[in-house]
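Overview (structure and organization)
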Amino acid sequence: MEAKFVNCEGVQEELMDWLAGTLPEAQRQAVEAHLTQCPGCQQELATVRALWTNMGELPVPDPSEQMRPRFYSMLAEFQVEEQRKQRWSVSGLLERVREWWQPAYGVRLAYSLALLIVGLVAGYGLKGRPETSELAVQQPAAGMPAASEDDVHQTNVLALLNNPSAVQRLRAVSYAEEVAPSNERVVAALLSTLNQDPNVNVRLASLEVLAGLSQDPMVRQGLVRSLPLQESPLVQSALADVMVRLQERRSVRPLRKLLQQDNLNEQVKDKIEQSIESLSNGQAPQPSTPSTYHETPPPTQPDLGPSVAA
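Calculation rules
- Residues numbered from 1 in each chain as written.
- Predicted model: local features only at pLDDT ≥ 70, side-chain atom pairs only at ≥ 80, totals over all residues.
- Heavy atoms only, no water.
- Helix = DSSP H or I, 4+ residues; strand = E, 2+ residues; numbered from the N terminus.
- Expected span 1.5 Å × (residues − 1).
- Bend = angle between axes of the 7 residues up to and from the residue.
- Buried < 20%, exposed > 50% of the residue type's maximum accessible area, 1.4 Å probe, protein only.
- Core = buried A, V, L, I, M, F, W, Y, C linked by side-chain atoms within 4.5 Å.
- Contact = heavy atoms within 4.5 Å.
- UniProt positions renumbered as here; feature names shortened; annotations may be inferred.
- pLDDT = per-residue confidence, 0-100.
- Disulfide = S-S within 2.5 Å.
- Salt bridge = Lys/Arg side-chain N within 4 Å of Asp/Glu carboxyl O.
- Axes fitted to C-alpha atoms, helices over the stretch in contact; angles between N-to-C directions.
- Parallel < 35°, antiparallel > 145°, perpendicular 65-115°, else oblique.
- Left-handed = near helix turned anticlockwise from the far one by under 90°.
- Nonpolar A, V, L, I, M, F, W, Y, C, P; charged D, E, K, R; others polar.

Turning our attention to helix α1 (residues 8-20). Here α1 contains 13 residues, and its C-alpha end-to-end distance of 19 Å stays within 8% of the 18 Å for a straight helix at 1.5 Å per residue. In α1, a bend of some 45 degrees at Glu-14 exceeds every other bend along the element. Among all positions in α1, only Val-11, Leu-15 and Trp-18 are buried. Of the residues trailing α1, Gly-21 is marked for its positive phi of about 75 degrees.

In structure tokens, the structure reads:
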């Protein structure tokens, strides 16, 4: 592009990119050639350069220590309000019916009805033989498969983790805390939720539960592998805190890869650099450094009805 084809309006639109050094070579030369002969554009350049300089000198505000507690408080209030609306709406009542009518409950109800029918028939047919009545009722129950309590817990937790409602998935994570220590499928589902759930709060809640299971090698390995998959600054910061608390040195390499991301949040970048230093030195974080994740308790789950195992 030659300077004679550049007008003032076009040059002034390119001034910010020219100052940032992002213009292609041909455009840069054309803009510079125009500036040497146009006093109006030179004056505009001086104004833009002054604005550029002043913006670069603006202080970056530090986040308040109360930001995370206030966030969780607002989240808890939102959940309570959502639950209140659902409880007294037609759609909320239908949703509660759908939650109650899970496949596991249908199987248990079928078993109960079958037992009741068999018992009534056996009692009617053996009315004159009371000594055999109890045996006649018990034999069908012994031959009929029954779902264990752990299986019922697992089925309902996995079903709720796939619920389209983020509130219900938070509820599932809360229940999973009781089931996960003895159930590998639930642990795997929590790791998948940490990596793939579209809601940041659900991922943070999953991380909180998984961090409490860090004695499990499968969980520790899953947390390390989760680091490069996270894009949310909140989850990245929380995972870095967990790695330092666990002194998991295998996380140093993925943490360094996170630092190479072009769009990495500056506060998260500082947090990751501190975490790498702590892990490399084998030292826990200093008491004066507030944790961005563990010092604040997770949001209180509202009362969302009876337990999934009921």
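The structure having been displayed, the exposition proceeds.
The next thing to look at is unusual backbone geometry. Unusually for a residue other than glycine, Gln-247 sits at a positive phi of about 50 degrees. A residue is classified by how much of its surface remains accessible, and Gln-247, at 26% relative accessible area, is partly exposed.

Let's shift gears to the nonpolar core. Judged by nonpolar contacts, the single largest core of 47 residues is most densely connected at Leu-190, Leu-210, Leu-223, Met-243 and Leu-255. Setting aside its immediate chain neighbours within four residues, Leu-223 contacts Leu-191, Leu-194, Leu-207, Leu-210, Leu-239, Val-242, Met-243 and Leu-246. Counting 10 residues, the second largest nonpolar core, distinct from the first, contains Val-31, Leu-35, Cys-38 and Cys-41.

Looking now at helix α13 (residues 233-246). The terminal C-alpha atoms of α13, which comprises 14 residues, lie 20 Å apart, in line with the 20 Å expected from a rise of 1.5 Å per residue. Burial of α13 is extensive: 11 of the 14 residues sit out of reach of the surface. Turning to α13, its buried residues number three or more, namely Val-235, Gln-236, Ser-237, Ala-238, Leu-239, Ala-240, Asp-241, Val-242, Met-243, Val-244 and Leu-246. Looking at the residues trailing α13, positive phi occurs at Gln-247, about 50 degrees.

This paragraph deals with the UniProt feature "domain: Putative zinc-finger" (unreviewed entry) in the protein chain. When the UniProt feature table is mapped onto this chain numbering, "domain: Putative zinc-finger" (unreviewed entry) sits at residues 8-42. In the segment residues 8-42, helix accounts for 80% and strand for 0%; the C-alpha atoms at its two ends are 10 Å apart.

This part covers the confidence of the model for the protein chain. Atom-level detail of predicted coordinates should not be read off regions where pLDDT is low. In the predicted model, the protein chain carries a mean pLDDT of 75, and 72% of its residues have values of at least 70. Counting contacts from residues 287-310, a segment whose pLDDT is below 50, to residues more than four positions away or on other chains yields 59 contacts.

The final tally for this structure, using the stated rule, is zero disulfides. Unpaired in terms of disulfides, Cys-38 finds its nearest cysteine sulfur in Cys-41, a separation of 3.5 Å. We classify Cys-38 as buried; its relative accessible area is 12%.

Take the pattern of salt bridges next. Counting across every chain of the model gives six salt bridges. Here Glu-32 and Arg-28 are joined by a salt bridge, their closest N and O atoms 2.8 Å apart. Highlighted residues: Glu-32 and Arg-28, both in helix α2 (residues 25-35), separated by four residues, approximately one helical turn. Through salt bridges that share partners, Glu-25, Arg-28 and Glu-32 make up one connected network.

Before going further, it helps to spend a moment on the packing of helix α10 (residues 184-196) against helix α12 (residues 217-226). Packing of α10 against α12 leaves a shortest axis separation of 10 Å and a crossing angle of 15 degrees. Classified by the angle between their axes, α10 and α12 sit roughly parallel to one another. For the pair α10 and α12, the sense of crossing is right-handed. When α10 is examined against α12, the residues Glu-184, Val-187, Ala-188, Leu-191, Leu-194 and Asn-195 are found in contact with a partner set consisting of Met-218, Val-219, Gly-222, Leu-223 and Ser-226. When the residues that make up the contact of α10 with α12 are grouped by side-chain class, the tally is seven nonpolar, three polar and one charged.

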